[in-house]
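Residues per chain, in single letters:
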Amino acid sequence: MTKGNAPDTRAGFIVRLIGLDIILAAVIMAGTILLVKNAGRMLGYAFGAIDGLQFARGNSFLIAVSLNLALLLIGYRRYRDLSREVQERKAAEERALLLSSRDPLTGLLNRRSLCENGAEMLGRAQSSGKAVAVILIDLDHFKNVNDVHGHGVGDSLLRTASAIIVDKLPVGALIARLGGDEFACALTYDEGQDNSVTYMVDQIVQNFTQPLVADRIVVHAGASIGVARSTADADIDGLIRRADIAMYAAKHAGRNRMAWFDESMEQDLQCRNETENAMRSGIAKSEFVPYFEQQIDLASKRITGFEVLARWEHPLRGLVPPDDFIPIAEETGMIGDISEMVIRKALAVAKDWDHAITISVNISPVQLRDPWLAQKIVKILIETGFPASRLEIEITESALFDNLALAQSIITSLKNQGIRIALDDFGTGYSSLAHLRALPFDRIKIDKSFVMSILDNNESAAIVNAISSLGDSLNLTVTAEGIEDSDIADRLTPMGISKGQGWHYGLPMDGEAAAGMLALQTAGETLVPANVSVKRIRAAA
Ligand code: C2E
Ligand code: CA
Ligand code: CA
């Protein structure tokens, strides 16, 4: 913005106002004096004119009086305009003041005024021996509501959420929207009465677990809440930060719950931040690699394919398992880069293996929100020269729940390329027949928790049996994961399950070892792990 059209400053406006006022006063005063003087003369001439004297001079005074009147009228009009401008200015200033302290969408306080008022609240509480609780509330599925139903419904949900919070907290509590779907509150309570705060916050959590109505649409939001109590060493910003850390802990513990801040959470966060930074540099240094887990035909005990499992070759920590970094990668958006790196490396090494061997890769629910996912996978196939018909993609049901329409379109694009699709971890999520029918799956993978416990848990056995029959009726291959010994394998075959994987057939291995395993298979070796040591596998590679 240039200086010439810069908006009026308050000081400039006042100077302009005073200037205008002086000019106006001068104009009105001059007009009035002239009017009085000229009108007096006019009257004299008017009486003279009755006698037929001085008519011409009377005429010119008539004109002068009209001019005076016009001058007064102009003065009055300018006065009226000026007072209107003053009023508008005042209203705008009041509006600006309100906006600077309030969130325009919900009418709640904003972050700045929460900090100002919160600092005062803390001061008052300290001098009267009371405690302050800072509560941070984050809606769990707001983004989903926004994406699926649009911003109108999203805005309405935020207003509904603010009404719930206001309703559940006591009069005098400070309630603010920090931005997006994040709310923060501060309230005083009696020292040692944390339970009273827990009760109130639990009520808020309970309310958010119910379906909510936003813009006449029923939505499911859920809330994760963190609470921090005042301590001698923390100011209001520090308490908001602690409540935020507790809120993340509540989210990680499974959402839809509350957590009080404790010191260990701060250490966990530091650890997590260090891992996150190391992961960023790990991506740059290409430290993420594929490991391969054999997929077996249970009858012949031959390897039919491999599942690719990501590992992080950390320079100091050694081989890091995916459970330690995939959740962080999903949260921070690094999952796409890591997944592409691992898939590219896996397909590049597996390209030259026996062409009957398939490769399965895991795709995270976060990646299924990327409309370009299918194109990215096809690009890797082209770059590595790996045939689409040998690739299978494993997705979990939770990925479908997020945005079924987008998942459907991505999966259809992948299927059109000749890639196969497996539904992973079946039995743990919704296990919905509707999902199985809505998408063109080629395989169901029974979650390892049922398979591992099949021998000593009748319920697990019944579930495995039921999934096998379901696969049969839908004409889908069923793979059992988590076969840890031969007894489990023997129990699965009579149930009609023909494919499996698990530690009984060996631990996941690097590409070199997998190639060696295949070489031994081609040479006619029996691939029972007891017979094949990792040393022999490497030697054959
Ligand atoms: P998953 O897809 O269910 O993979 C199977 C996991 O079970 C693997 O753990 C595997 O080592 C383990 N497993 C195999 N056989 C047995 C067995 O007999 N008993 C037991 N107890 N476990 C067995 P891993 O490699 O630690 O992977 C864990 C999870 O990490 C995977 O579960 C998958 O959800 C995720 N993951 C791994 N790699 C990737 C990846 O590249 N992308 C994505 N998005 N997720 C991945
Ligand atoms: Ca999997
Ligand atoms: Ca699985």
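Note that this is a predicted model, so its numbers are computed, not measured. (Residues numbered from 1 in each chain as written. Chains lettered and ligands numbered in written order. Predicted model: local features only at pLDDT ≥ 70, side-chain atom pairs only at ≥ 80, totals over all residues. Heavy atoms only, no water.)

### Brief notes about the overall build of the protein chain
Thinking step 1. Within the protein chain, the secondary structure is distributed over 19 helices and 16 strands.
Thinking step 2. Across the 541 residues of the protein chain, 43% fall into the buried class.
Thinking step 3. The long-range share in the protein chain, meaning contacts at least 24 apart out of those at least 6 apart in sequence, stands at 68%.
Thinking step 4. With an accessible surface of roughly 27,900 Å², the protein chain has 56% of that area assigned to carbon and sulfur atoms. (Helix = DSSP H or I, 4+ residues; strand = E, 2+ residues; numbered from the N terminus. Buried < 20%, exposed > 50% of the residue type's maximum accessible area, 1.4 Å probe, protein only. Contact = heavy atoms within 4.5 Å. Areas by Shrake-Rupley, 256 points an atom, 1.4 Å probe, with all protein chains shown as cover.)

### Notes on the confidence of the model for the protein chain
Reading predicted coordinates in detail is not appropriate for stretches of low pLDDT.
Thinking step 1. Across the protein chain, the average pLDDT comes to 88, with 85% of residues at or above 70.
Thinking step 2. Overall, residues 1-9 carries pLDDT values under 50, and its contacts beyond four positions in sequence, including any with other chains, amount to six contacts. (pLDDT = per-residue confidence, 0-100.)

### A closer look at the coordination of the calcium ion (ligand 3)
Thinking step 1. For the calcium ion (ligand 3), the full set of protein donor atoms is Asp424 (OD), Asp425 (OD), Glu481 (OE) and Glu481 (OE), and the range of their distances to it is 2.2 to 2.5 Å.
Thinking step 2. Look at where the donors of the calcium ion (ligand 3) fall in the sequence and you get D-D-x55-E.
Thinking step 3. The distance between the calcium ion (ligand 3) and the calcium ion (ligand 2) comes to 3.7 Å, and Asp424 binds to both of them. Linking Asp424 in strand β13 (residues 420-426) with Glu481 in the loop between β15 (477-480) and α17 (486-492), this pair joins segments that are 57 residues apart in sequence. Side by side, Asp424 and Glu481 carry an identical accessibility label, which is buried. (Donors = N, O, S within 2.8 Å, 3.2 Å for Na, K, Ca; no water.)

### Observations concerning the packing of aromatic side chains
Two numbers describe a pair of aromatic rings. These are the distance of the centres and the angle of the planes.
Thinking step 1. All told, the structure shown has six aromatic pairs when counted by the stated rule.
Thinking step 2. Centre to centre, the rings of Phe292 and Trp353 are 5.1 Å apart; their planes meet at 65°, and the pair counts as edge-to-face. Highlighted residues: Phe292 in strand β8 (residues 288-297) and Trp353 in the loop between α10 (335-350) and β11 (358-362), separated in sequence by 61 residues.
Thinking step 3. Given the relative accessible area of 8%, Trp353 is considered buried.
Thinking step 4. A ring pair is formed by Trp312 and Phe325, whose centres lie 6.1 Å apart and whose planes are at 80°; its orientation type is edge-to-face. With Trp312 in strand β9 (residues 302-314) and Phe325 in the loop between β10 (318-320) and α9 (326-332), this pair connects stretches of sequence that are 13 residues apart. (Phe/Tyr/Trp six-rings, centres within 6.5 Å; stacked < 30°, edge-to-face > 60°.)

### Things to note about the side chain of Gln501
Thinking step 1. Among the secondary structure elements, Gln501 is positioned in the loop between β16 (499-500) and α18 (511-522).
Thinking step 2. Side chain to side chain, Gln501 and Glu293 meet in a polar contact 3.0 Å long.
Thinking step 3. Here the side chain of Gln501 touches Lys445 through a polar contact of 3.0 Å, side chain to side chain.
Thinking step 4. In this view, Gln501 contacts Glu293, Gln294, Gln295, Glu307, Lys445, Thr479, Ala480, Glu481, Gly482 and Ile483; residues no more than four positions away in its chain are not counted. (Polar contact = N/O pair within 3.5 Å; in protein donor to acceptor, adjacent residues only side chain to side chain.)

### Section: the site of ligand 1
Thinking step 1. Lining the immediate surroundings of ligand 1 are 21 residues, of which Glu293, Ala310, Arg311, Glu484 and Trp503 lie closest.
Thinking step 2. Between an oxygen atom of ligand 1 and a side-chain N or O atom of Glu307, the distance comes to 3.1 Å.
Thinking step 3. Ser364 places a main-chain nitrogen or oxygen 3.5 Å from a nitrogen atom of ligand 1.
Thinking step 4. Notes on ligand 1: free accessible area 800 Å², of which the protein chains cover 86%.
Thinking step 5. The element contributing the most residues to the shell around ligand 1 is β9, with four residues.
Thinking step 6. The residue makeup of the shell around ligand 1, split by class, is eight nonpolar, four polar and nine charged. (Near = heavy atom within 4 Å. Nonpolar A, V, L, I, M, F, W, Y, C, P; charged D, E, K, R; others polar.)

### Some details on the coordination of the calcium ion (ligand 2)
Thinking step 1. Taken together, the protein ligands of the calcium ion (ligand 2) are Glu307 (OE), Asn362 (OD1), Glu394 (OE) and Asp424 (OD), with distances of 2.1 to 2.4 Å.
Thinking step 2. Owing to a relative accessible area of 8%, Asp424 belongs among the buried residues under this scheme.

### Notes on the nonpolar core
Thinking step 1. One finds Phe306, Ile359 and Leu492 to be the most contacted residues of the largest nonpolar core, which totals 77 residues.
Thinking step 2. In terms of residue count, α10 provides more of this core than any other element does, eight residues in total.
Thinking step 3. Those residues in contact with Leu492 that lie beyond four places of it in its chain are Leu298, Val451, Ile454, Val464, Ala480, Ile483 and Ile497.
Thinking step 4. Grouped together as the second largest cluster of nonpolar side chains are 36 residues, Ala133, Leu158, Val205 and Ile225 included. (Core = buried A, V, L, I, M, F, W, Y, C linked by side-chain atoms within 4.5 Å.)

### Side note on the environment of Phe441
Thinking step 1. Summarising the element assignment, Phe441 is placed in the loop between α14 (433-438) and β14 (443-446).
Thinking step 2. As a C-alpha pair, Phe441 and Ile393 span 48 residues in sequence and 9.9 Å in three-dimensional space.
Thinking step 3. Setting aside anything within four residues of it in sequence, one finds Phe441 in contact with Ile395, Leu400, Ile421, Ala422, Leu423, His435, Leu436 and Leu476.

### Some remarks on unusual backbone geometry
Thinking step 1. In this model, Asp215 sits at a positive phi of 55°, which is unusual for a non-glycine residue.
Thinking step 2. Along the chain, the position of Asp215 falls in the loop between β4 (212-214) and β5 (217-219).
Thinking step 3. Asp215 sits in the partly exposed class, given a relative accessible area of 44%.

### Concerning helix α6 (residues 194-209)
Thinking step 1. The end-to-end C-alpha distance of α6, which contains 16 residues, comes to 23 Å, matching closely the 22 Å that a straight helix rising 1.5 Å per residue would cover.
Thinking step 2. Where α6 is concerned, the buried positions are Asp194, Val197, Met200, Val201, Ile204, Val205 and Phe208. Viewed along the axis of α6, the buried residues span an arc of 145°, placing them on a single side of the element. In α6, the exposed positions angled more than 90 degrees off the buried face are occupied by Asn195 and Tyr199. (Expected span 1.5 Å × (residues − 1). Arc of directions from axis to C-beta.)

### Side note on the packing of α10 against helix α11 (residues 373-384)
Thinking step 1. The contact between α10 and α11 brings their axes to 9 Å, and the two run at 30°. Viewed along their axes, α10 and α11 form a crossing whose handedness is right-handed. Packed against α10, whose contacting residues are Glu340, Ile343, Arg344, Leu347 and Ala348, the element α11 presents Lys376, Ile380, Leu381, Glu383 and Thr384 at the interface.
Thinking step 2. Across the contact of α10 with α11, the residue classes tally to five nonpolar, one polar and four charged. (Axes fitted to C-alpha atoms, helices over the stretch in contact; angles between N-to-C directions. Left-handed = near helix turned anticlockwise from the far one by under 90°.)

### Section: the side chain of Glu276
Thinking step 1. Relative to the helices and strands, Glu276 resides in helix α8 (residues 263-284).
Thinking step 2. In this structure the side chain of Glu276 is engaged in a polar contact, spanning 2.9 Å, whose partner is the side chain of Arg280.
Thinking step 3. In contact with Glu276, not counting residues within four places along its chain, are Ile328, Thr332 and Met334.

### A few points about the pairing of strand β2 (residues 174-179)
Thinking step 1. Counting buried positions over the six residues of β2 gives five, a clear majority of the element.
Thinking step 2. Of the pairings in the sheet, the one linking β2 to strand β3 (residues 182-190) comprises five bridges and is antiparallel in character. Of the residues in β3, the one forming a bridge with Leu174 is Ala186.
Thinking step 3. With antiparallel pairing between neighbouring strands as the criterion, β2 and β3 make up a hairpin whose turn holds two residues, including Gly180 at a positive phi of roughly 50°. (Pairing = 2+ DSSP bridges.)

### Digging into the sheet that holds strand β1 (residues 130-139)
Thinking step 1. Sheet architecture is open: five strands sit in the order β2-β3-β1-β6-β7, paired in mixed fashion. The open sheet has two free edges, formed respectively by β2 and β7 (258-260), since each of these has just one partner strand. Adjacent strand axes in the sheet meet at a mean angle of 20° when their direction is disregarded.

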